[in-house]
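Each chain, letter by letter, is given below.
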Amino acid sequence: MARKTQRLLLLIVSCSITGVILGGTAGWAESNLCLGDNKVTSECLTQDPIQKTIQGMSTGLVAGAGAAFGAVWQLRHED
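None of the values given here were measured: they were computed from a predicted structure.

1. So, a positive patch on the surface
(1) Moving on: Taken together, the side chains of Arg3, Lys4, Arg7 and Arg76 define a basic patch exposed on the protein surface.
(2) Moving on: Top element by residues in the positive patch is helix H1 (residues 3–36). It accounts for three residues.
(3) Moving on: In this structure, Arg3 sits in helix H1.

2. Considering the packing of H1 against helix H3 (residues 49–78)
(1) Moving on: H3 packs onto H1 with a crossing angle of 150° between their chain directions and a minimal axis gap of 6 Å. Considering how the two elements wind past one another, H1 and H3 form a crossing that is right-handed.
(2) Moving on: Looking at the contact of H1 with H3 residue by residue, the classes come out as 14 nonpolar, 10 polar and three charged.

3. A word on the environment of Gln51
(1) Moving on: Looking at the element boundaries, Gln51 is found in helix H3.
(2) Moving on: We classify Gln51 as exposed; its relative accessible area is 52%.
(3) Moving on: The sequence separation of Gln51 and Leu8 amounts to 43 residues, and the corresponding C-alpha distance is 31 Å.

4. A short note on the layout of surface pockets
(1) Moving on: One number sums up the size of the second largest pocket: a volume of about 160 Å³.
(2) Moving on: What lines the second largest pocket is simply Glu30, Ser31, Leu33, Cys34, Leu35, Thr41, Glu43, Cys44, Gln47, Asp48, Pro49 and Lys52.
(3) Moving on: Only H1, helix H2 (42–46) and H3 provide two or more residues apiece to the lining of the second largest pocket.
(4) Moving on: The leading source of residues in the lining of the second largest pocket is H1, at five residues.

5. Details of the side chain of Ser31
(1) Moving on: Looking at the element boundaries, Ser31 is found in helix H1.
(2) Moving on: Residues within four places of Ser31 in sequence aside, it is in contact with Pro49 and Lys52.

Conventions and cut-offs
Residues numbered from 1 in each chain as written. Predicted model: local features only at pLDDT ≥ 70, side-chain atom pairs only at ≥ 80, totals over all residues. Heavy atoms only, no water. Patch = residues over 30% accessible without salt bridge, like charges linked within 9 Å, V, L, I, M, F, W, Y side chains within 5 Å. Areas by Shrake-Rupley, 256 points an atom, 1.4 Å probe, with all protein chains shown as cover. Salt bridge = Lys/Arg side-chain N within 4 Å of Asp/Glu carboxyl O. Lys, Arg positive; Asp, Glu negative; His and termini not counted. Charge placed at Lys NZ, Arg CZ, Asp CG, Glu CD. Helix = DSSP H or I, 4+ residues; strand = E, 2+ residues; numbered from the N terminus. Axes fitted to C-alpha atoms, helices over the stretch in contact; angles between N-to-C directions. Left-handed = near helix turned anticlockwise from the far one by under 90°. Nonpolar A, V, L, I, M, F, W, Y, C, P; charged D, E, K, R; others polar. Buried < 20%, exposed > 50% of the residue type's maximum accessible area, 1.4 Å probe, protein only. 1 Å grid on protein atoms, 1.4 Å probe; cavity = no way out; pocket = protein on both sides within 12 Å on 5 of 7 lines; lining within 4 Å. Points joined across faces, edges and corners; volume = space filled by probe spheres on them. Contact = heavy atoms within 4.5 Å.

By themselves, these figures tell us nothing about what the structure is for.
This is the structure in structure tokens:
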């Protein structure tokens, strides 16, 4: 594999993993805040915290990969 391709792949993977971690943490925290609120809604009670965490992780994955592709696109067009 060419060196530039390896760096591109590493950038995409690292940004995606970071997005998964941050998205999962945000989803988990949001579900915990919802349950700890003074006024608990029915939506908060019916939503599974694990499902909310997985939803946040998938959003983070897409956001991280998109950010990496955007950074690579910007760098390639600057040259």
